[in-house]
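Geometric and topological summary
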Amino acid sequence: MAEQYFMGLDGFIWFVGVVENRNDPAELGRVQVRCLGYHTEDLSLIPTADLPWAHVMHPATDPAVQGLGNSPSFLVEGTWVVGFFQDAKDKQQPIVMGTLPGYPQSTPDTTKGFNDPTGTYPSQNRELTGEAISKFKSSGHSLNESDVSRLARGGDSEQHSSLIKRRALKQDSVPIATEPYNTKTDNTQVTGPKRESWNEPDPRGHSSNKSPYPTANYPYNHVHESEAGHIHEVDDTPGGERLMQQHSSGSFTEIHPDGSKVVKVVGDNYEIIAGKSNILVVGDTNITYDGNVRQLIKKDYVLEVEGDYSIKVHKNNRVKIGAGGAGNLYEEVTGSHTYNINGGVRGRVGRDIDINVGRNESRLIGGTYAIVGTRGMTLNSAFGSTVITATKDISLTTSSLGSIDIKAGTTASMAGVAVTQLGGLAINLGDATTLTHLNTSLTSIINITPTYTTKSGIINLLGVTASIPTLTATKIFTGSIIGGTGTFGNNVGPH
């Protein structure tokens with residue numbers, strides 16, 4: 001009977017072997033395999049370089065075409081594989097169907113075949129090849145141990161370097177912001193706030209000594225672990241279901257059995273959203289920055305707080321409105337406004353100030369109070385009285401070209417408990433503005449008690465026809481009385 005060389009009709013010849021090289025020059029994910037029974041371990045007879053290149057069979061979920069799917073295949077030197085030959089007669093076209101885990105007993109002998117020529121796998125303590133933290137350069141996997149990842153074997157997970165690292169880098173006692181304690185302005189605060197903190201949740205959602213061990217129970221945790229120490233876990237442990245993705249540096253994302261999510265970045269974090277972003281947090285939120293914070297909003301910023309809004313600044317607060325041009329500040333307080341300033345207040349207003357106080361205004365000034373109006377000043381009590389009181393002196397002064405007008409709608413009274421002094425080159429009694437004649441007696445104009453002092457040289461009675469009463473004085477004025485007509489009384493008293 002003639003031999004059949006058509007693939008599939010010439011018998012199924014399979015093999016078990018060891019991968020000795022994965023650096024496929026064609027970059028197809030092929031490997032060179034030394035097959036038990038077909039190749040000798042003597043490298044002088046069959047060097048690794050002479051072994052045929054074996055294609056690696058991908059699963060049906062992996063298209064393996066034009067970069068689609070998982071590529072290249074993840075086989076390393078020292079991996080035990082099983083496969084078959086496409087050419088049953090020549091056995092030069094092997095195909096790897098899968099891998100065979102086991103319990104490695106010894107490190108590789110690089111002088112013989114069926115070993116990893118690089119001396120890497122298996123090892124006494126598997127080293128990581130990435131930029132992991134120096135104390136965690138090894139996964140901890142050793143000889144006489146199942147090739148299945150420790151992370152998939154329940155309590156053995158706690159001996160894996162990645163989990164040891166995550167527990168070592170766990171952040172505790174993160175301080176939470178406190179509201180300001182305003183003892184002088186807020187009578188609703190009974191005691192000052194107490195600083196609180198929060199802790200990063202335990203990796204896997206439980207402590208390392210939890211018993212029974214609630215997560216990653218074999219065979220439910222499906223682990224993918226790379227040579228550099230990158231890890232992906234899909235944990236289907238009943239009651240301990242998790243998802244975890246970790247970089248060898250220690251950065252990770254983990255979803256715990258209760259649905260809590262922990263994201264940790266060991267290094268810098270960049271997040272760019274090209275479209276819109278919407279965030280809803282149903283519970284409380286705490287944000288703590290250990291460094292500086294800068295925010296730049298290119299357009300409008302709307303902040304709505306339905307409860308209380310507290311700001312505590314430990315040092316300076318600088319606010320500038322209109323930094324990009326003219327800008328306005330609009331504020332409305334429907335309740336009260338209280339403040340306490342321990343230092344000074346300095347301000348400048350470039351234009352007008354218009355303040356409307358619906359009721360009373362009271363100011364207590366511990367020192368002097370000065371108001372300067374370069375173009376004038378008006379003090380007006382529209383519907384009531386104006387009272388100016390001083391413990392000592394009250395002085396009204398103008399420059400040499402100014403005057404002081406005091407005008408009352410009914411009565412103008414000036415009284416000094418001890419002395420009332422009128423001074424000047426002339427004292428005008430009457431309507432000096434309209435020069436209206438006051439047809440009345442001087443007695444009705446001036447009520448003088450027996451003691452008085454005059455310092456002016458002249459008293460002008462503008463348009464007054466009056467009778468001067470007899471005046472008794474300690475010192476009579478030395479000037480004259482002009483501007484009036486009538487009969488004058490005698491001046492009785494010392495001259």
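Keep in mind that what you see is a predicted model, and the values were worked out from it rather than measured.

Moving on, we come to the overall build of the protein. Counting its regular elements, the protein contains 2 helices and 17 strands. Taking all 495 residues of the protein together, 25% fall into the buried category. The contacts in the protein between residues at least 6 apart in sequence include a share of 48% that link residues at least 24 apart. Here the protein displays about 38,000 Å² of accessible surface, and carbon together with sulfur accounts for 51% of that area.

In terms of nonpolar packing, the biggest core is built from 11 residues, these being F15, V19, V31, V33, C35, A54, V56, L75, V81, F85 and V96. Only β1 (13-21), β2 (31-35), β3 (53-56) and β4 (80-85) provide two or more residues apiece to this core. Ranked by the residues each element gives to this core, the list is headed by β2, at 3 residues. Excluding its chain neighbours within four sequence positions, the residues that come into contact with F15 are V33, C35, Y38, V81, V82, G83, F84, F85, P94 and I95.

On to a nonpolar patch on the surface. A surface patch of nonpolar side chains, amounting to about 720 Å² of accessible area, comprises I297, Y301, L303, V305, Y309, I311 and V313. Structurally, V305 is set in the loop between β12 (261-264) and β13 (426-429).

Within the element layout of this structure, Q32 appears in strand β2. Judged by relative accessible area, Q32 falls into the buried class, the value being 3%. Within the structure, Q32 has its side chain in polar contact with the side chain of N21 (distance 2.9 Å). Polar contacts involving the side chain of Q32 include one to the main-chain carbonyl oxygen of A49, which spans 3.3 Å. If near-sequence neighbours (up to four positions away) are discounted, Q32 is found in contact with V18, V19, E20, N21, T48, A49, D50, L51, P52 and W53.

Before going further, it helps to spend a moment on the sheet that holds strand β8 (residues 221-225). Read from one edge to the other, the open sheet built from 5 strands follows the order β8-β9-β10-β11-β12, with strand pairing classed as antiparallel. Each edge of the sheet is formed by a strand with only one pairing partner; in this case those strands are β8 and β12. The sheet shows a mean angle of 5 degrees between the axes of neighbouring strands, taken without regard to direction. Relative to strand β9 (residues 231-235), β8 runs antiparallel, the two sharing 5 bridges. What sits directly across from V223, in β9, is E233. Packed onto the sheet, helix α1 (residues 161-168) meets β9, β10 (242-246) and β11 (252-255) and runs at close to 90 degrees relative to β10.

Among the 8 residues in α1, 6 count as buried, and that is most of the element. Within α1 the residues assigned to the buried category are S161, S162, L163, K165, R166 and R167. Those residues of α1 that are buried lie in contact with β9, β10 and β11.

Quick look at the pattern of salt bridges now. Evaluated as defined, the whole model comprises 17 salt bridges. Where K264 meets E200, a salt bridge forms, and the shortest distance between an N and an O atom there is 3.0 Å. Of the two residues, K264 is situated in strand β12 and E200 in the loop between β7 (197-198) and β8; the sequence distance between them amounts to 64 residues. For the pair formed by K264 and E200, the shared burial category is buried. R242 is the salt-bridge partner of E254, the closest N and O atoms lying 2.8 Å from each other. Residue E254 is located in strand β11, and its partner R242 is located in strand β10; the two are separated by 12 residues in the primary sequence. For E254, a relative accessible area of 0% puts it in the buried group. In the salt-bridge network here, residues are joined through shared partners; they are R166, R204, E233, D235, R242 and E254.

Locating F85 in the fold gives a position in strand β4. A residue is classified by how much of its surface remains accessible, and F85, at 3% relative accessible area, is buried. Along the backbone, F85 and V96 are 11 residues apart, and their C-alpha atoms lie at a distance of 8.9 Å. Apart from the residues within four sequence positions on either side, F85 is in contact with I13, F15, C35, Y38, K91, Q92, Q93 and P94.

Our next topic: the sheet that holds β4. The strand order around the closed barrel built from 5 strands is β1-β2-β3-β5-β4, with neighbouring strands paired in mixed fashion. Neighbouring strand axes in the sheet, compared pairwise and without regard to direction, differ in orientation by 55 degrees on average. Where β1 and β4 come together, 6 bridges link them in antiparallel fashion. Looking at β4, one finds that V18 is bridged to W80.

For β1, the buried fraction is high: 7 of the 9 residues fall into the buried class. Judged from the 4 bridges that link them, β1 and β2 form a sheet pairing that is antiparallel. When the bridges of β2 are listed, V19 appears paired with V33.

In this section: the packing of aromatic side chains. Given two aromatic rings, their pairing is described by the distance between the two centres and the angle made by the two planes. Tallied over the full model, the rule gives 3 aromatic pairs. Relative to F85, the ring of F15 lies with its centre 5.0 Å away and its plane at 45 degrees, an arrangement referred to as tilted. Of this pair, F15 sits in strand β1 while F85 sits in strand β4, and the two are 70 residues apart along the sequence. Of the two residues, F15 and F85, neither departs from the other in class, the shared state being buried.

Conventions used here
Residues numbered from 1 in each chain as written. Predicted model: local features only at pLDDT ≥ 70, side-chain atom pairs only at ≥ 80, totals over all residues. Heavy atoms only, no water. Helix = DSSP H or I, 4+ residues; strand = E, 2+ residues; numbered from the N terminus. Buried < 20%, exposed > 50% of the residue type's maximum accessible area, 1.4 Å probe, protein only. Contact = heavy atoms within 4.5 Å. Areas by Shrake-Rupley, 256 points an atom, 1.4 Å probe, with all protein chains shown as cover. Core = buried A, V, L, I, M, F, W, Y, C linked by side-chain atoms within 4.5 Å. Patch = residues over 30% accessible without salt bridge, like charges linked within 9 Å, V, L, I, M, F, W, Y side chains within 5 Å. Salt bridge = Lys/Arg side-chain N within 4 Å of Asp/Glu carboxyl O. Polar contact = N/O pair within 3.5 Å; in protein donor to acceptor, adjacent residues only side chain to side chain. Pairing = 2+ DSSP bridges. Axes fitted to C-alpha atoms, helices over the stretch in contact; angles between N-to-C directions. Phe/Tyr/Trp six-rings, centres within 6.5 Å; stacked < 30°, edge-to-face > 60°.

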